[in-house]
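Here is how the chains run, residue by residue.
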Amino acid sequence: MLASFPYPSNPMTEQKKSDLPRLNNRLSSKLDLNHRRAASNAQGMMDLLAQLRGQEADLRRGGGAKAIESQHKKKRLTARERVDLLLDPGTELFELGLFAAFGMYEEWGGAPSAGVVTGLGRVSGRLCMIVANDATVKAGAFFPMTAKKVLRAQLMAMQNRIPTLYLVDSAGIFLPLQEDVFPDQDDFGRIFRNNAVMSASGIPQITAIMGMCVAGGAYLPVMTDQVLMTEGSGLFLAGPALVQAAIGQKYSAEELGGAAMHAEISGTVDFKEPNDHLCIARLRSLVARWGHPPPAAFDRAEYDPEKDAPNYAATDLYSLLDVNPAKAATNSYDMREVIARVVDRSEFDEYRPGYGRTLLCGYARIGGYSVGIVANQKTPQPQTSHSGEKRVEFGGVIYAESADKAARFIMDCNQNLTPLIFLHDVNGFMVGRDAEWSGIIRSGAKMVTAVSNSVVPKISVIVGGSFGAGNYAMCGKAYDPRFIFAWPTARYAVMSGDSAANTLVEIRIRQLERDGRKLSDQEKQELLASIKATYEEQTDCRYAAARLWVDAIIDPAKTREALLLALEAAALNPEVAKFNPGILQT
C-alpha cells in the first residue's frame, strides 16, 4: 500500500475564489454610433434589409393568390400553413434556402423558393428539419434546384443527426427539365438514397402525405420510418392517365392509390387521417414519443439568456459596413466589434493576439456552447518580419503567419472538441514576391488542410467579401460547413468586382484588337460598365442563395440567434470522428 504524504498548505488554495483576480477578457467597443459614416452605414443596411424583406414576403406567397385559392378549394392547406400548424405554439420556422432558385426558371414562370419549404423548427419540443412541398408552385413539381434544396436539407440532417419530417404534396419531376433533375449524383434519386442512409443511421424520419405523391417521388415516404396519409391524397408510381396509356387499364385515383386502399389493402401507410389538421396532430403526437439520443461531447456551460447576453446591442452591427458594393473592398472595421455582439458576455480569449494579426482566433461561448472563432480582421495591422522589418499588412488579407496561426488554432479546437465558427470578410491570400518568399502557398495549404480534415462542427458566416482561395481557407461551401449564413453585405466570387471587371475588360480588348478593331475610350468605359454590372449581380448574396451556396441570408442583428440554433442542431450528433490532420507542409 502506498503511503500518503500531506502536501504543504498553499495560501492561494485557501483564498476565497471571490478574492482572486478576475480575468479581463471582455471585449470593449470603440464603435461610435453617432459618427456620420456609422449613421450612413446603418441607414444603408436598414434600406437593404427592407428590400430583402419585401422579396422574402413575395417568395413566401409561393405560386400566388390564385394557386393558394386552388389549394384551399381542394380542402388542403398550403405548405406554409401546414408548417405553422406543425410547429410548437409561439415558435417560428428558421427557414433555410428561402432564396433558392431566385431569379431562375423565368422562362417557365419561375419557381419561388424552388417550390419547397425547408428549415429548422420545434415540434413537440424537439428540434426537427422540416421539408414541405409547396403545391402552389407548379403542383409541387421538382425543378433542378428543388432536388438540390431537399438534398441540402437532408445533408444537414445527416451531419447533425436532426430528425426530419416530410410534408409531401408533389406532382413529381418537372418534365421539361427532367434531364437536369433525374440522373446525376446530386439529383432527384439521391433523395431516396439519403432516406435509406438516414434510417440506417438511426435518424428519425416521418412522412405525411397530404396531396399527390406520384412516380419516383412515391418512394420517398415509403423509405422513411412512418407514413401518414390524408383522405383524398394519392400515392402511386403511375397515375390513372399513365396507367391507361401504358397498359390500357382504367382506374380512379382512389382505387389506384388512395388513402383507404393503402391503409386497408396494400398496407403501405401506417396512419390514415381525414384531413390536414388531424394528420398534423397525429404527426406531433408521434414526434412527442421519440426517445432521447445521448448528449454530444461538446461543452456547454449553464446559460442565462439575460445575464449572459453580449454587452452591446446586436443592432449596432448595422453601422459597421458600407452596403455599397463599390465600397465593400475598402470597408475597414475591427472584427472584434462583431464578436463582441455575438458571444456570451462579450468575453473572448484571443489566441496569439500579437501574431498573424489579419486573422483573429480565439475561444468564446455562444449560448453556453464553447466555440473557437476564426475571423478576418479588416483593419490594417502592424507586423514585424523575421528579419526585424516592420510593415503594415492589409486588412482582410491572409498572410503566411496568419494562415500558420489559424491552422494551429483549428487543430487545437479539434483536439479539444470545440466547434468552430468562421466569420468571413476576406479578399484572399497575399500575393507578390515578399509573400511568395515567405511561403504563402505552403502556409495557405496548411490552413486549408486543417479546415478540410476538421471533424468538429464548422459554421460559417459571410459578413462581407468571400473571395478566391480565401473562401476555401475560411470554410466556404466546398469545405463542409454544417451551416453557412450570409449577411446582406456578403459578396461571393473568385475575386472582387473591380479586379475582375478590369481583368475581363483587358482580355476582351485584346481579343478585339487581334480581330483588327480598336475601341475608343468611351467604348472601353461602356464595356467596363457592362461587365462590371454583370459581375456585381453574380457576386450578390441573393445570387449565391439562389444556387444554395449559402443556406440563409440573415439579418446581422440575428447572427447570434442563428449561430445558437446551428450549435444546438450540431450538438444533436454525439459522434465525432477521430481527428487526423494529414500531412502538413512545414
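Residues numbered from 1 in each chain as written. Predicted model: local features only at pLDDT ≥ 70, side-chain atom pairs only at ≥ 80, totals over all residues. Heavy atoms only, no water.

(A) View of the overall build of the protein chain. The helix and strand tally for the protein chain stands at 21 helices and 20 strands. A compact globule built from 586 residues would reach a C-alpha radius of gyration of about 25 Å, and the protein chain, at 27 Å, matches this within 12%. With respect to the principal axes defined by its C-alpha atoms, the protein chain has extents near 95 × 85 × 50 Å. Buried residues in the protein chain amount to 52% of all 586 residues. In the protein chain, once contacts between residues fewer than 6 apart in sequence are set aside, the share between residues at least 24 apart is 75%. Here the protein chain displays about 27600 Å² of accessible surface, and carbon together with sulfur accounts for 53% of that area. Of note, the protein chain has its 64 positive side-chain charges centred 2 Å away from the centre of its 66 negative side-chain charges. (Helix = DSSP H or I, 4+ residues; strand = E, 2+ residues; numbered from the N terminus. Rg over C-alpha atoms; globule rule 2.2 N^0.38 Å. Buried < 20%, exposed > 50% of the residue type's maximum accessible area, 1.4 Å probe, protein only. Contact = heavy atoms within 4.5 Å. Areas by Shrake-Rupley, 256 points an atom, 1.4 Å probe, with all protein chains shown as cover. Lys, Arg positive; Asp, Glu negative; His and termini not counted. Charge placed at Lys NZ, Arg CZ, Asp CG, Glu CD.)

(B) Here's a closer look at the environment of Ala 340. Mapped onto the fold, Ala 340 is located in helix H13 (residues 336-340). Taking the C-alpha atoms as reference points, Ala 340 and Arg 26, separated by 314 residues in sequence, lie 8.1 Å from one another. Beyond its immediate stretch of four places on either side in the chain, Ala 340 contacts Leu 27, Pro 310, Asn 311, Tyr 312 and Ser 346.

(C) Spatial organisation of the pairing of strand E13 (residues 390-393). Relative to E13, strand E12 (residues 381-384) is paired through 4 bridges, and the arrangement is antiparallel. Considered in E13, the bridge of Gln 381 is made with Glu 393. Between E12 and E13, which follow one another and run antiparallel, lie 5 residues, and Gly 388 among them has a positive phi close to 90°. (Pairing = 2+ DSSP bridges.)

(D) Examining the side chain of Thr 146 more closely. Among the secondary structure elements, Thr 146 is positioned in helix H5 (residues 144-160). Overall, Thr 146 belongs to the buried group, its relative accessible area being 0%.

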